[in-house]
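Each chain is listed here by its residues.
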Amino acid sequence: MIEQRIQQQFFESADLLYQAAEQLARPLAMAAQMVVDAITGGNRILCAGQGLASMEADYLAARLAGRFEQERPGLAAWSLAAQARDAAGLDLARLLQAHGHPGDVLVMIEPLREQRDAWQPALAVAHAQEMSIIALTAQPPGSADEWRGLLQDTDIQIRVSHGREPRVVEVQRVLLHALADAVDLQLLGSDE
């Protein structure tokens, strides 16, 4: 019985990844172009997540500032989530006020619908500072898009349509890998 349950975890994840590949390739390609345009224009990529998603923000910033699979110069990317943790109680909105500039890109990672309202001040600051936003979000199938009022038409939302947080987090990690790979491909060409 436990082996079947374990197998079911893999099957559910694989099914969702397959669906996400079809649905999210276009917005992810647009997001990669947004990142490349910002970097080549002398701007920065600021990564943010709340709660456990802050580790995903750290991970993306490290992949962009360091390397993904190809050697390249570091890109101007860092994690605001790490700064928020280090400066006990410093919120994302305040960090964006301090570090965000017109043309920068905020990559926000949010696998939980319950934390949507906590993003409102940070997103308002990002918009006021003329930053672009790439929002990795989640939404159970069939429910209304709760982010519509918080994001602008120029922002890119990459929404995983699933109700279970572990599955959403798995897909978001693959999305981060695909984003880093697409950025490298545009900046460096193929390594194959």
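Basis of the calculations
Residues numbered from 1 in each chain as written. Predicted model: local features only at pLDDT ≥ 70, side-chain atom pairs only at ≥ 80, totals over all residues. Heavy atoms only, no water. Buried < 20%, exposed > 50% of the residue type's maximum accessible area, 1.4 Å probe, protein only. Helix = DSSP H or I, 4+ residues; strand = E, 2+ residues; numbered from the N terminus. Pairing = 2+ DSSP bridges. Right-handed = clockwise from strand over helix to strand, strands pointing away. Expected span 1.5 Å × (residues − 1). Phe/Tyr/Trp six-rings, centres within 6.5 Å; stacked < 30°, edge-to-face > 60°. Lys NZ or Arg CZ within 6 Å of the ring centre and 35° of its normal. Axes fitted to C-alpha atoms, helices over the stretch in contact; angles between N-to-C directions. Patch = residues over 30% accessible without salt bridge, like charges linked within 9 Å, V, L, I, M, F, W, Y side chains within 5 Å. Areas by Shrake-Rupley, 256 points an atom, 1.4 Å probe, with all protein chains shown as cover. Salt bridge = Lys/Arg side-chain N within 4 Å of Asp/Glu carboxyl O. Contact = heavy atoms within 4.5 Å. Core = buried A, V, L, I, M, F, W, Y, C linked by side-chain atoms within 4.5 Å.

Student: Help me understand the pairing of strand β3 (residues 105–109) in this model?
Tutor: Successive side chains on a regular strand alternate, one facing one side of the sheet and the next facing the other. Taken across its five residues, β3 has five buried, putting it largely inside the fold. On β3, burial covers both faces: Val105, Val107 and Ile109 on one face and Leu106 and Met108 on the other are all buried. Pairing analysis gives five bridges linking strand β1 (residues 45–49) to β3, with the strands arranged parallel. Across the sheet, residue isoleucine 45 finds its bridge partner in β3, namely valine 105. With five bridges connecting them, β3 and strand β4 (residues 132–139) associate as parallel partners. Residue pairing for β4: leucine 106 is matched across the bridge by isoleucine 133.

Student: How should I be thinking about the pairing of β1 in this particular structure?
Tutor: Judged by how many residues are buried, β1 sits mostly within the fold: five of five residues are covered. Side chains Ile45, Cys47 and Gly49 project from β1 onto one buried face, and the interleaved Leu46 and Ala48 project onto a second face that is buried too. In the sheet, β1 pairs with strand β2 (residues 77–79) via three bridges, with the strands oriented parallel. The residue bridging isoleucine 45 from the neighbouring strand is alanine 77, located in β2. In the classification by handedness, the crossover that spans β1, the intervening helix α2 (residues 53–65) and the parallel β2 is right-handed.

Student: Which parts of the structure should I look at to understand helix α6 (residues 165–188)?
Tutor: Helical periodicity: at 3.6 residues per turn, an α-helix aligns residues three or four positions apart in one direction. Compared with the 34 Å implied by 1.5 Å per residue over 24 residues, the 34 Å span of α6 between its first and last C-alpha is a close match. Following α6 by one or two positions, glycine 189 has its phi on the positive side, about 85 degrees.

Student: Is there a simple way to think about the packing of aromatic side chains in this case?
Tutor: For any two aromatic rings, the description comes down to two numbers: the centre-to-centre distance and the angle of the planes. A full pass over the atoms with the stated rule returns zero aromatic pairs. Against the face of tyrosine 59 rests arginine 173, its NZ or CZ located 3.6 Å from the ring centre.

Student: How should the sheet that holds β3 be read in this particular structure?
Tutor: As a general point, the strands of a sheet are linked pairwise by backbone hydrogen bonds and lie either parallel or antiparallel. Here five strands make up an open sheet; going across it, the order is β2-β1-β3-β4-β5 and the pairing parallel. Each having just a single partner strand, β2 and β5 (156–161) make up the two edges of the open sheet. Pairs of neighbouring strands in the sheet enclose a mean axial angle of 15 degrees, with direction left out of account.

Student: What should I look at first to understand a nonpolar patch on the surface in this one?
Tutor: A cluster of nonpolar side chains, contributed by Ile2, Ile6, Phe10 and Phe11, occupies part of the molecular surface with about 470 Å² of accessible area. The residue phenylalanine 11 is located in helix α1 (residues 2–40) in this model.

Student: Looking at this model, I keep getting lost on unusual backbone geometry. Mind explaining?
Tutor: The bulk of non-glycine residues show a negative phi, and the bulk of peptide bonds are trans. Even without being a glycine, glutamate 130 presents a positive backbone phi close to 60 degrees. Tracing the sequence through the fold places glutamate 130 in the loop between α5 (120–128) and β4.

Student: Before we go on, may I ask you to explain the environment of tryptophan 78 in this structure?
Tutor: With respect to the helices, strands and loops of the structure, tryptophan 78 is situated in strand β2. Sequence spacing of tryptophan 78 and valine 171 is 93 residues, and the spatial spacing of their C-alpha atoms is 22 Å. Filtering out sequence-adjacent residues up to four positions away, tryptophan 78 remains in contact with Arg44, Ile45, Leu46, Cys47, Ala61, Gln83 and His99.

Student: Help me understand the nonpolar core in this model?
Tutor: One recurring pattern in soluble globular proteins is that nonpolar side chains are buried together. Formed by 36 residues in total, the largest nonpolar core has its most connected members in Ile45, Val107, Ile134, Ile158, Leu175 and Leu179. Of all the secondary structure elements, the ones that give two or more residues to this core are α1, β1, α2, β3, β4, β5 and α6. Per-element tally for this core: the top contributor is α1, with eleven residues. If we skip the residues at most four places from it in the chain, leucine 175 touches Leu24, Leu28, Leu136, Ile158 and Val160. Counting 21 residues, the second largest nonpolar core, distinct from the first, contains Ala48, Leu92, Ala122 and Leu151.

So yeah, pure geometry; function would need other evidence.
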